[in-house]
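# Analysis of the macromolecular model
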Amino acid sequence: MLFSDQSLVHAGPCQSYEAAYNLEAKLREGFSLEQAKESVVEQDYSDGSAACFSKIKQEIKQMPYAFPLVHRALYKTTRR
């Protein structure tokens, strides 16, 4: 079976919890949100698609206390 280079680019998994966890870790290290997103794609936790990012956002929204930095960055919330 032959695969083209394009099929390999879009064949990555979407591991929403692992991606959310790694986004949080990267923000704690001082990365920007965009840098953290790129890192998650490079580490194959996300395929980089809009559908996958939507799943990651849903994961973060369901557990704001598990991912406080990412939640604040995505939803522009402030601490009380």
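Below you will find a few notes about this structure.

Thresholds applied
- Residues numbered from 1 in each chain as written.
- Predicted model: local features only at pLDDT ≥ 70, side-chain atom pairs only at ≥ 80, totals over all residues.
- Heavy atoms only, no water.
- Axes fitted to C-alpha atoms, helices over the stretch in contact; angles between N-to-C directions.
- Helix = DSSP H or I, 4+ residues; strand = E, 2+ residues; numbered from the N terminus.
- Parallel < 35°, antiparallel > 145°, perpendicular 65-115°, else oblique.
- Left-handed = near helix turned anticlockwise from the far one by under 90°.
- Contact = heavy atoms within 4.5 Å.
- Nonpolar A, V, L, I, M, F, W, Y, C, P; charged D, E, K, R; others polar.
- Phe/Tyr/Trp six-rings, centres within 6.5 Å; stacked < 30°, edge-to-face > 60°.
- Lys NZ or Arg CZ within 6 Å of the ring centre and 35° of its normal.
- Expected span 1.5 Å × (residues − 1).

What follows covers the packing of helix H2 (residues 16-28) against helix H3 (residues 33-42). Two elements in contact, H2 and H3, have axes separated by 9 Å at closest approach and are oriented at 135°. Our classification of the angle between H2 and H3 gives oblique. H2 and H3 meet at a crossing whose hand is right-handed. Of the residues in H3, those in contact with Ala-19, Asn-22, Leu-23, Lys-26 and Leu-27 of H2 are Leu-33, Ala-36, Lys-37, Ser-39 and Val-40. Residues belonging to the contact of H2 with H3 are distributed by class as follows: six nonpolar, two polar and two charged.

We now examine the packing of aromatic side chains. Summed over all chains, the structure comprises one aromatic pair. The side chain of Lys-26 reaches across the aromatic face of Phe-31, ending 4.9 Å from its centre.

Since the α-helix advances by 3.6 residues per turn, residues separated by three or four positions end up pointing in the same direction. For H2, which comprises 13 residues, the first-to-last C-alpha distance of 18 Å matches the rise-based estimate of 18 Å (1.5 Å per residue) to within 8%. Structurally, H2 contributes buried residues whose contacts are with H3, helix H4 (50-62) and helix H5 (68-75). Backbone geometry just downstream of H2 places Gly-30 in the positive-phi region, at approximately 100°.

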